[in-house]
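Read off the chains here:
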Amino acid sequence: MSAVLPPLPPLPTPPDSNGEPELLQLGAPEDEPCLRADAARNRARLLEAAARLVAEHGAAGVTMEAVAAAASVGKGTVFRRFGDRTGLLTALLDHSERNFQAAFLSGPAPLGPGAPPVDRLRAFGRATLRRSVDELDLQLAAEPSPDRRFTPAPRRVHHSHVTLLLRQALPDADCELLAHALMGYLDPATVHHLTRRCHMPLERLEKGWDDLVARLTCTDPPQ
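One structure accompanies this document, and this report is about it.

What counts as what
Residues numbered from 1 in each chain as written. Predicted model: local features only at pLDDT ≥ 70, side-chain atom pairs only at ≥ 80, totals over all residues. Heavy atoms only, no water. Buried < 20%, exposed > 50% of the residue type's maximum accessible area, 1.4 Å probe, protein only. Helix = DSSP H or I, 4+ residues; strand = E, 2+ residues; numbered from the N terminus. Contact = heavy atoms within 4.5 Å. Polar contact = N/O pair within 3.5 Å; in protein donor to acceptor, adjacent residues only side chain to side chain. Expected span 1.5 Å × (residues − 1). Core = buried A, V, L, I, M, F, W, Y, C linked by side-chain atoms within 4.5 Å.

### Here's the deal with helix α4 (residues 85-92)
For the α-helix, the turn length of 3.6 residues means that residues three or four positions removed from each other point alike. For α4, the tally of buried residues reaches 6 of 8 residues, placing the bulk of the element in the interior. Taken together, the buried positions of α4 are Thr-86, Gly-87, Leu-88, Leu-89, Thr-90 and Ala-91. On the buried face of α4, the contacting elements are α1 (37-57), α2 (64-71), α3 (75-82), α5 (94-106) and α7 (136-141). With a side-chain oxygen lying 3.3 Å from the backbone nitrogen of Thr-86, the N-terminal cap of α4 falls on Asp-84.

### Topic: α5
Between its first and last C-alpha, α5 extends 18 Å over 13 residues, near the 18 Å set by a 1.5 Å rise per residue. Taken residue by residue, α5 has Asp-94, Ser-96, Glu-97, Arg-98, Phe-100, Gln-101, Phe-104 and Leu-105 as its buried positions. Looking at the buried side of α5, the elements it contacts are α4, α6 (117-134) and α8 (153-169).

### Examining the nonpolar core
Within the largest apolar cluster, 26 residues are counted, with the highest numbers of intra-cluster contacts made by Phe-104, Leu-121, Phe-124, Val-162, Leu-166 and Trp-209. Residue assignment for this core shows that the elements contributing at least two residues are α5, α6, α8, α9 (175-185), α10 (188-197) and α11 (202-217). Here this core gets 6 residues from one element, more than from any other, and that element is α6. Counting residues in hydrophobic clusters, the runner-up holds 21 residues, among them Leu-46, Val-73, Leu-89 and Ala-91.

Spelled out as structure tokens, the structure:
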């Protein structure tokens, strides 16, 4: 996923629409036909070096300089390919994000299409929480600055998806605003605070999500 994407337009879905957001193409090298072979190799080598540094030192150990040294390239090459450290770390999450989007946009129910919207909303939150716990340090390190926090393309797709499910379940509500409130529960910083600082297990967060969705949609939580 490129770090220099311009801000994307909103992704509203009309209240009477049942269409899903389109799977976001995040720009892996195999999807860039104009990318030179040597540039593609450099990108892959840089990401391999960054992944190695994450495994050995955690996300905090990934700097542009460290990645350049580990990949035996100049620091300028890293900056040209990824823009900044946030872009580099975001690119590391690219594969996971692609798989996650494919799962909730076109995968099997209840996360994917075919289940009632409330069931899909529960499944989306639980899957997001599990993914955040698994990738928490990397997700936190890839967080953009406050002025760009809500503009990354994946976050817009997630918000659009939650908004769509809410519109299907609560057609008379301000679903765009409610989606922001729900996404706050799933924010990596919130997950970090609850799991690392408050020592809450993932199971409690999942049950809390189910309870929140049930209260919002006036439905019974799963037993």
